[in-house]
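Notes for the structure review
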Amino acid sequence: MKKLIYAAFIVIVFSACKDTASENAMLEQQREIDSMKVVMKEQEEALAKQRTIDSMNAVVAAAEAKAARASANKAAPVTAEQKKKGWSNTAKGAVIGAGAGAITGAAVSKKKGEGAIIGGLAGAAVGAGTGAIIDDSKKKKEKQ
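These numbers were taken from a predicted model, which means no experiment stands behind them. (Residues numbered from 1 in each chain as written. Predicted model: local features only at pLDDT ≥ 70, side-chain atom pairs only at ≥ 80, totals over all residues. Heavy atoms only, no water.)

With that settled, the discussion passes to the packing of helix α3 (residues 89-108) against helix α4 (residues 112-143). Where α3 meets α4, the closest approach of the two axes is 5 Å, and the angle between their N-to-C directions is 155 degrees. Overall, the two elements α3 and α4 adopt an arrangement that is roughly antiparallel. Seen from above, α3 lies across α4 with right-handed handedness. Classifying every residue of the contact of α3 with α4 by side-chain character gives ten nonpolar, twelve polar and three charged. (Axes fitted to C-alpha atoms, helices over the stretch in contact; angles between N-to-C directions. Helix = DSSP H or I, 4+ residues; strand = E, 2+ residues; numbered from the N terminus. Parallel < 35°, antiparallel > 145°, perpendicular 65-115°, else oblique. Left-handed = near helix turned anticlockwise from the far one by under 90°. Nonpolar A, V, L, I, M, F, W, Y, C, P; charged D, E, K, R; others polar.)

For the rest of this paragraph, the subject is the side chain of N89. Along the polypeptide, N89 turns up in helix α3. A relative accessible area of 17% places N89 in the buried class. Engagement of the side chain of N89 in a polar contact is seen with the side chain of D135, the distance being 3.1 Å. Not counting the four nearest positions on each side in its chain, N89 is found in contact with G131, I134, D135 and K138. (Buried < 20%, exposed > 50% of the residue type's maximum accessible area, 1.4 Å probe, protein only. Polar contact = N/O pair within 3.5 Å; in protein donor to acceptor, adjacent residues only side chain to side chain. Contact = heavy atoms within 4.5 Å.)

With that settled, consider the pattern of salt bridges. This structure, assessed with the given rule, holds two salt bridges. For E28, the salt bridge is made with R31, and the minimal N-O distance between the two is 3.5 Å. Here E28 pairs with R31, and both are found in helix α2 (residues 20-75), just three residues apart, close to one helical turn. (Salt bridge = Lys/Arg side-chain N within 4 Å of Asp/Glu carboxyl O.)

The subject of this paragraph is α3. A rise of 1.5 Å per residue sets the reference length of α3, with its 20 residues, at 28 Å; its end C-alpha atoms lie 28 Å apart and thus fit the reference within 8%. What α3 keeps buried is the set N89, G93, G97, G101 and G105. Along the axis of α3, the buried positions cluster into a sector of 105 degrees, meaning they face one direction only. Away from the buried face of α3 by more than 90 degrees, exposed residues I96, I103 and A107 are located. Elements that come into contact with the buried residues of α3 comprise α4. (Expected span 1.5 Å × (residues − 1). Arc of directions from axis to C-beta.)

Structurally, D135 is set in helix α4. Among buried charged residues, D135 stands out as having no salt bridge; its nearest opposite-charge side chain is K138, 5.8 Å away. Leaving out residues up to four positions away in the same chain, D135 has contacts with S88, N89 and T90. (Lys, Arg positive; Asp, Glu negative; His and termini not counted.)

We now examine α4. Helix length check: α4, at 32 residues, gives a terminal C-alpha distance of 46 Å against a target of 46 Å (1.5 Å per residue), a fit within 8%. Every buried residue of α4 is listed here: G115, G119, G120, G123, G127, G131 and D135. On its buried side, α4 packs onto α3.

Rendered as structure tokens:
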């Protein structure tokens, strides 16, 4: 019986002793990991701040470039090459005349397709002629 009590005591004593060296190593390793996480988080925050600063600088640079272009455009006289050209009155007249002639030709003629073609051609010719007259009169006004 005494041997059993001694054996139980020895088991309790040995089981109560902890391996503190490995536990300390684990705690030290966890501290290292935690400190690395803190450094990484600080670096991410710094990068985010730098990205914000860079984007704001890009916006300011774009606004300054736009202002410089606007002032350059105001200083330079507008030439005929710089003006955006739309449709001439001749082209507009031809398209409108062709459409109106095709509709009228199809409505009047017994052969709808043939009437639309002939009416469209005639309308385009009349519309182009009218547009050319308007273009010519505008050019004369601009020269004066």
